[in-house]
Amino acid sequence: MAQGFVASRSDQDIELTAEGYFNDLVGRSLIEHRGYDQVFGMHGVIHDLAMYVGRTEYGLDLANQQIRHLSLTNKVHEHSLDPSRLQVPELLRTLFCPLDYLESLPLEKVFNSLKRLRVLDLRGSSVKVLPEAIWELPILKYLNLSHTKVEELPASVGRLHSLQTLNLDYSKIKRIRKEISRLFNLRHLELRGTSHLEFMAEGLGKLTGLRTLDKFIVSDGNDQDGACNLMELKNLNRLRGRLVIEHMERVKDEYYATKAQLHRKNNLTNLKFEYDRQMDVTERKKVEAVLEKLTPPTYLECMELNGYVGRMLPLSWLANNSSLRVLRLEHCMSLETLPTLPVTLTDLDLSYCSELVAIPPTAPSLKSLSISFCPHISLLPFFPSIETIEVASLDSWEGWASGRTTSGETVASMPCLQKLKILNCQRLKHLPPPVFPCLEYLSIKGCVQLHVLWEDEQDPNSSQKEAIDLPRLKFLKLGELQELSALAKGTTSLPMLEELRIELCPRLTWLPEGLMQDLPKLTTLLLLDLEELACLAQGTIKLPKLERLWVGGCPKLTSQQVDMLLRNHTQLTHLWLKKLERLRKLSALVRGDASFLKLEEMRIELCPMLSSLPDGLLKILPKLRKLELLQLYQMTSLYEQGAVSLPKLESLWVIGCPNLSSRQLGRLTQDLPQLTSLFLGWLSWLRSLPQQITNLPKLETLEISHCPNLVSVPDGLTRRLGSGLEISNCQVQCPAQAPATDDQAIRKQDMVSVLGV
């Protein structure tokens, strides 16, 4: 637009025409979406063609008098471009540059010569004061000061009469001066993320061509420039997209609200009103009256309120809106009820509404519901189209109100629900029987009264074991459920489950009958801090796709149960065992047809009865990259006979194993051609390093800590590793070395944290 490449049409905004151009380029694959929100790039071939065609006019870190569009990047110094010798072309039309780089230039002279400049992008600059000559550029149409430290624009900003776009996103700007009202061609005033902005002067309403105004601040009038009140919005009827109006508590009465004429701004799709959370609740009547008169446009899609102190929302708002899809209410501490929700509503987000007691069930199109910190809500209705529910910190919530009507019919299930997330709901005791046939994601955490996951609401004392069938569930996570004793009374079928995580459930004693024999797609299993869990399954455990297994803090699990869990799971890539007090052996790792050819990481920690690894284990793990043996106080043997063969091992930790020996360590490190990191700690028997460690060809890091009897380290190893060698709390001292790198410091912290010292 700033370069005049977009043809204007009398019947359509130029922005819409430009958007059509852009969509056409995307449709033809000349521009590609990069996978991030609103990030696009040229196809490689098109980029090369564009670079070739524009090679004489477009410059990257290179300037001459033929250049019309110049971009200076952070790599400019790599091109040996001396700022003092930079010749900025006088016919330049576009300049992208970090202003910090240009500070060594005579900036006033440079910008005085750029009278044809149309686009100036200074994003990310750390300077606070801009050169005065910038405000004298006669045809500048685009000025980007986003992510800069500029706190205030000078009065001379009003001279940029051709300016169409002023981008101040995420800058340090504190106030908008009255002179900005002279920019009669301004179409976009971008103010996203301007948390320091506190004041807007009067006169903004003169910019009747504005299409973008991200933020409008109702000012208090204590400024020499005059305060910007709500009536300034009256003539800004071309605004589109999102508008946030801050400090709504400063609106004196409903007269100003009426004069704003929000209902005439038909291109607004997102409207947010923010109030000071410290405002006096005695002004509730005024606040309610003002909001009632701020009639939003009919085609509004998203409405947000933050800090509103009224007891109710204006009924006419929702009744007259035919397009509202999103309603978000935050910190509306006095709100007691919600009106009938529009049939078009798809997303409802409620947080910190401390007086709200119920949600109306009339929302047949609702897809997403998020509620948090609403302590008086005790029951939720069933919504027939809901896909996502997230509830958190609802102190009175007990579950769903079955039998409630929605659109005139009784609904007792949510057939479209795909994601259910529940956090810190103290009174929830169970979920209803499976009325979620499409559920794919279930996470429950911190519900201290939840004693069983699923239970029949009609007869919770029934001894009949009802089968639980969730045919599409892929992710199940349960955590910090102090009273949970069972997932279900009967059998549980989860044929599509891919990830199961259960942790910090101290009263859980067993898993549902048949569960561990019917998880054909499970790839991740995590069982942590389950103090009473003694039985995983009565028969054979069949998890043919299992890749990642974490089991820890289960003191009642026997070697037999762990053996059953490991047996024949040949797809395993990650194995982590911790705090298994009854674990005596790991024979399943080498028994029968079990072959762990894909195992990449293995960590065994705090298993006090484990005295040895299975003989031959350390020569049948061809892909093992990381091996950690931590606080295995009874471990005396890593192998009985034969050589160790770990051709891919890169990282080895041996910490807190007081009954191993230097001979065992030497045999372990004898043939590790890929080992780069070795960590040894709390080994009282270690007096000298085995010669095999000196011969490791790719060793880069060796860290030794709390080995009090270590008296020597080979000189050749010291010279070879240099700063990669770190010794602490040993008799031998580490040679003088450079300060530890960040990675080394993190690794040392990890080593210390393993033993909790």
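The text that follows walks through the structure, step by step, so that each part is easy to find. Just so it is clear, the structure is predicted and the values come from calculations on it, not from any experiment. (Residues numbered from 1 in each chain as written. Predicted model: local features only at pLDDT ≥ 70, side-chain atom pairs only at ≥ 80, totals over all residues. Heavy atoms only, no water.)

**Observations regarding the overall build of the protein**
Each helix and strand counted, the protein has twelve helices and 39 strands in total. Across the 757 residues that make up the protein, the buried fraction comes to 49%. Within the protein, contacts between residues separated by at least 24 positions form 54% of all contacts whose residues are at least 6 apart in sequence. Looking at the protein as shown, the accessible area adds up to about 34800 Å², and 48% of this sits on carbon and sulfur atoms. (Helix = DSSP H or I, 4+ residues; strand = E, 2+ residues; numbered from the N terminus. Buried < 20%, exposed > 50% of the residue type's maximum accessible area, 1.4 Å probe, protein only. Contact = heavy atoms within 4.5 Å. Areas by Shrake-Rupley, 256 points an atom, 1.4 Å probe, with all protein chains shown as cover.)

**Some remarks on helix 8 (residues 559–566)**
When you tally the buried positions in helix 8, you get seven out of eight residues, the bulk of the element. Taken together, the buried positions of helix 8 are occupied by S559, Q561, V562, D563, M564, L565 and L566. Buried residues along helix 8 sit against strand 31 (524–528), strand 32 (548–552) and strand 33 (574–578). Two residues or fewer past helix 8, N568 is found with a positive phi of approximately 65°.

**Here we look at the environment of F184**
Its location among the elements puts F184 in the loop between strand 9 (175–176) and strand 10 (188–190). A C-alpha to C-alpha distance of 8.1 Å links F184 and S162, two positions 22 residues apart in sequence. Not counting chain neighbours up to four residues away, the residues in contact with F184 comprise H161 and L207.

**Re the nonpolar core**
Ranked by size, the top nonpolar core spans 211 residues in total, and within it F216, L230 and F273 carry the most contacts. Not counting residues up to four positions away in its chain, the partners in contact with L230 are F216, V218, I245, V251, Y256, A257, A260 and L294. (Core = buried A, V, L, I, M, F, W, Y, C linked by side-chain atoms within 4.5 Å.)

**What to know about the sheet that holds strand 10**
An order of 3-4-5-6-7-8-10-12 is seen for the eight strands of this open sheet, with the pairing classed as parallel. Edge strands, defined here as strands with exactly one partner in the open sheet, are strand 3 (58–60) and strand 12 (212–213). (Pairing = 2+ DSSP bridges.)

**Details of helix 6 (residues 284–293)**
Of all the positions in helix 6, only R284, V287, E288, V290 and L291 are classed as buried. Each buried residue of helix 6 lies within a common arc of 165° when the element is viewed along its axis, so the set occupies one face. Those residues of helix 6 that are buried lie in contact with helix 5 (254–260), strand 15 (268–274), strand 16 (302–306) and helix 7 (315–320). (Arc of directions from axis to C-beta.)

**Some thoughts on unusual backbone geometry**
With a phi close to 60°, H247 is a non-glycine residue in the positive phi region. A positive phi angle, close to 55°, is found at S393, a residue other than glycine.

**A look at the packing of aromatic side chains**
Following the criterion strictly, the structure yields nine aromatic pairs and no others. Pairing W397 with W400 gives two aromatic rings, centres 5.2 Å apart and planes at 80°, and the pair type is edge-to-face. This pair shows no difference in class: W397 is buried, exactly as W400 is. When the ring of Y441 is compared with that of F475, the centres are 4.6 Å apart and the planes differ by 5°; the resulting orientation is stacked. Of this pair, Y441 sits in strand 26 (residues 441–445) while F475 is found in strand 28 (residues 475–479), placing the two residues 34 residues apart along the sequence. Members of the aromatic cluster, joined through ring pairs, are F382, W397, W400 and F436. (Phe/Tyr/Trp six-rings, centres within 6.5 Å; stacked < 30°, edge-to-face > 60°.)

**Quick notes on a nonpolar patch on the surface**
Side chains of L49, Y52 and V53 sit close together on the surface and give an oily, nonpolar patch of about 340 Å² of accessible area. Within the secondary structure, L49 sits in helix 2 (residues 44–53). (Patch = residues over 30% accessible without salt bridge, like charges linked within 9 Å, V, L, I, M, F, W, Y side chains within 5 Å. Salt bridge = Lys/Arg side-chain N within 4 Å of Asp/Glu carboxyl O.)

**Quick word on the pattern of salt bridges**
The full count for this structure, using the stated rule, is 33 salt bridges. In this structure, E283 engages K286 in a salt bridge whose closest nitrogen and oxygen atoms are separated by 3.4 Å. Classification of E283 as partly exposed rests on a relative accessible area of 32%. Residue class for K286 comes out partly exposed when judged on its relative accessible area of 24%.

**Focus on the side chain of E628**
Residue position: E628 is located in strand 35 (residues 626–630). Within the structure, E628 has its side chain in polar contact with the side chain of K626 (distance 3.3 Å). Sequence-distant contacts of E628, defined by excluding residues within four places in its chain, comprise M602, R603, I604 and W653. (Polar contact = N/O pair within 3.5 Å; in protein donor to acceptor, adjacent residues only side chain to side chain.)

**Notes on the environment of S125**
When you line up the elements, S125 lands in the loop between strand 6 (119–121) and strand 7 (142–144). Sequence-wise, S125 and H147 are 22 residues apart; in three dimensions their C-alpha atoms are separated by 7.1 Å.

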